[in-house]
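Chain residues, written in single-letter form:
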Amino acid sequence: MPYQTIQPPIRGYTEQNAFSAVPPSALTVLPTCPFTNRTRLSVRPGFNVLHDFPEAGGPPAVAPMVQHVGTYSIYVSGILEEMLLIVAGGLVYTMRTSEVTPVLASGQGSPLLQTTGLVEGVQFREYYYLVDGANYVKVKLDQATPACSTWTGPASIAVSGVKASIIARFGARLALSGLKNTPNNWWLSAIDDPEDWTPTAGTPEDSIAGDSTAEYGQLGDPIVALIPFGERGLLFGCTHSMTYLTSDPAFGDARMVEMSRTVGVVGPRAWCSGPE
């Protein structure tokens, strides 16, 4: 029989699981949002649990906090693998989406990251780089069991033991920010070298820091998000403003443009890519 598109009630057909409380007369109706033309409410599948970390320690027993979930692609033994990287309780795990149990990465006799609080991370080539405000960790991905180690490259980006808590991939560089002691500053690694964070005057392809050059400088608001933007830009989401680095300084035409003086970002993940 043909389906009739209707505007669903404000509270929907059910407040329970899919189909569990839908009256029989409504089972042949596909509710559709008139604004997005997407199927809504009880006919859409729910979330699937990938893994539930067991409780440990105690009393009372407490399950480790999931601090980061990211994806990466890497060739292992000539095969392209699509994987998940998970940080829970300060430990790094990897798993395929078709699997049910994550594998603990090697090199972790004890957690290399803080056991609570959010962790930010990004893949760059064969490594996955992680920051949490107190530690820098990298994970070598192109092997059967990924291996964790301390990321020593940005060791100088620290003030009284406080380190960066925000990271992003910016073209052929990595970008760092989010030091609580200097929240307005930002850093770019040297091109193709995530281990080089020492700025060199007059060498734009080398590493760059906001406080190392008069051309860009530190921002007026604390930085809370680093957002790759457009074809080659980097957007700094601040507490009450947004500033846009138009391109990599190595191209010679980069500028810092203030996009908003009133609209900011509430957190490092509080943004998404739009259709344009």
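Residues numbered from 1 in each chain as written. Predicted model: local features only at pLDDT ≥ 70, side-chain atom pairs only at ≥ 80, totals over all residues. Heavy atoms only, no water.

### Some thoughts on the overall build of the protein chain
Next, step 1: Per the secondary structure count, the protein chain includes zero helices and 18 strands.
Next, step 2: Expressed as a percentage of its 276 residues, the buried residues of the protein chain come to 41%.
Next, step 3: When contacts within the protein chain are restricted to residue pairs at least 6 apart in sequence, long-range pairs at least 24 apart make up 41% of them.
Next, step 4: Split by element, the accessible area of the protein chain, about 15,500 Å² in all, is 54% carbon and sulfur. (Helix = DSSP H or I, 4+ residues; strand = E, 2+ residues; numbered from the N terminus. Buried < 20%, exposed > 50% of the residue type's maximum accessible area, 1.4 Å probe, protein only. Contact = heavy atoms within 4.5 Å. Areas by Shrake-Rupley, 256 points an atom, 1.4 Å probe, with all protein chains shown as cover.)

### Examining the packing of aromatic side chains
Geometry of an aromatic ring pair is reported as the spacing of the ring centres plus the angle between the planes.
Next, step 1: One pass over the structure, following the stated rule, counts nine aromatic pairs.
Next, step 2: Between Tyr 127 and Tyr 129 the ring centres are 6.0 Å apart and the planes differ by 40°, which places this aromatic pair in the tilted class. Each member of the pair, Tyr 127 together with Tyr 129, is buried.
Next, step 3: Taking the centre distance of 6.1 Å and the plane angle of 70° together, the rings of Trp 151 and Trp 197 count as edge-to-face. With Trp 151 in the loop between β8 (147-150) and β9 (158-159) and Trp 197 in the loop between β13 (186-188) and β14 (208-209), the pair connects residues that are 46 residues apart, well separated along the chain.
Next, step 4: Through a chain of ring-to-ring contacts, three or more aromatic side chains come together here, namely Tyr 127, Tyr 129, Tyr 136, Trp 151 and Trp 197.
Next, step 5: Directly above the aromatic system of Tyr 127 lies the positively charged group of Lys 138, at a separation of 5.0 Å from the ring centroid.
Next, step 6: Above the ring of Phe 251, the side-chain terminus of Arg 232 is found at 4.8 Å from the ring centroid. (Phe/Tyr/Trp six-rings, centres within 6.5 Å; stacked < 30°, edge-to-face > 60°. Lys NZ or Arg CZ within 6 Å of the ring centre and 35° of its normal.)

### Comments concerning the sheet that holds strand β4 (residues 103-104)
Next, step 1: Sheet architecture is open: four strands sit in the order β1-β2-β3-β4, paired in antiparallel fashion. Here the strands that pair on one side only, and so sit at the sheet edges, are β1 (66-76) and β4.
Next, step 2: Here strand β3 (residues 91-96) runs beside β4; their pairing, made up of two bridges, is antiparallel. Across the sheet, residue Thr 94 finds its bridge partner in β4, namely Val 103. (Pairing = 2+ DSSP bridges.)

### Side note on the environment of Leu 130
Next, step 1: Structurally, the position occupied by Leu 130 is in strand β6 (residues 127-131).
Next, step 2: Sequence separation of Leu 130 and Ile 167 is 37 residues, and the distance between their C-alpha atoms is 7.8 Å.

### Points about the pairing of β8
Next, step 1: Where strand β7 (residues 136-140) meets β8, four bridges bridge the pair, whose relative direction is antiparallel. If you follow Lys 140 over to β8, its bridge partner there is Ala 147.
Next, step 2: What sits between the antiparallel neighbours β7 and β8 is a turn of six residues.

### Points about the pattern of salt bridges
Next, step 1: Summed over all chains, the structure comprises nine salt bridges.
Next, step 2: Where Glu 120 meets Arg 269, a salt bridge forms, and the shortest distance between an N and an O atom there is 2.9 Å. Taken together, the residues span a long stretch of sequence, with Glu 120 in strand β5 (residues 120-124) and Arg 269 in the segment after β18 (256-260) at a distance of 149 residues.
Next, step 3: Where Arg 232 meets Asp 253, a salt bridge forms, and the shortest distance between an N and an O atom there is 2.8 Å. A residue pair is termed long-range when its members are at least 10 positions apart, and Arg 232 in the loop between β15 (223-229) and β16 (233-238) and Asp 253 in the loop between β17 (242-245) and β18 qualify at 21 residues.
Next, step 4: Judged by relative accessible area, which is 37%, Arg 232 ranks as partly exposed.
Next, step 5: Among the charged side chains, a network of salt bridges with common partners joins Glu 81, Arg 96 and Glu 99. (Salt bridge = Lys/Arg side-chain N within 4 Å of Asp/Glu carboxyl O.)

### A look at the environment of Leu 188
Next, step 1: Within the secondary structure, Leu 188 is located in strand β13.
Next, step 2: With 15 residues separating them along the chain, Leu 188 and Arg 173 place their C-alpha atoms 6.4 Å apart.
Next, step 3: Contact partners of Leu 188, with chain neighbours within four places excluded, come to Phe 170, Arg 173, Leu 174, Ala 175, Trp 197, Ser 207, Ile 208, Leu 234, Leu 245 and Pro 249.

### Focus on the side chain of Thr 94
Next, step 1: With respect to the secondary-structure elements, Thr 94 resides in strand β3.
Next, step 2: Beyond its immediate sequence surroundings of up to four residues, Thr 94 is in contact with Tyr 72, Met 83, Leu 84, Leu 85, Pro 102, Val 103 and Pro 146.

### Observations regarding unusual backbone geometry
Next, step 1: Positive phi, close to 60°, is recorded for Arg 125, a residue that is not glycine.
Next, step 2: Tracing the backbone shows Arg 125 in the loop between β5 and β6.
Next, step 3: The exposure class assigned to Arg 125 is exposed, which follows from its relative accessible area of 53%.

### Concerning the sheet that holds β7
Next, step 1: A sheet is described by the order of its strands in space; here four strands give the open sequence β5-β6-β7-β8, paired in antiparallel fashion. With partners counted over all chains shown, the strands left at the sheet margins are β5 and β8, one partner each. If you compare each strand with its neighbour and ignore which way they point, the axes differ by 25° on average.
Next, step 2: One ladder, built from five bridges, connects β5 with β6; its direction is antiparallel. Counted as the bridge partner of Gly 121 is Leu 130 from β6. (Axes fitted to C-alpha atoms, helices over the stretch in contact; angles between N-to-C directions.)

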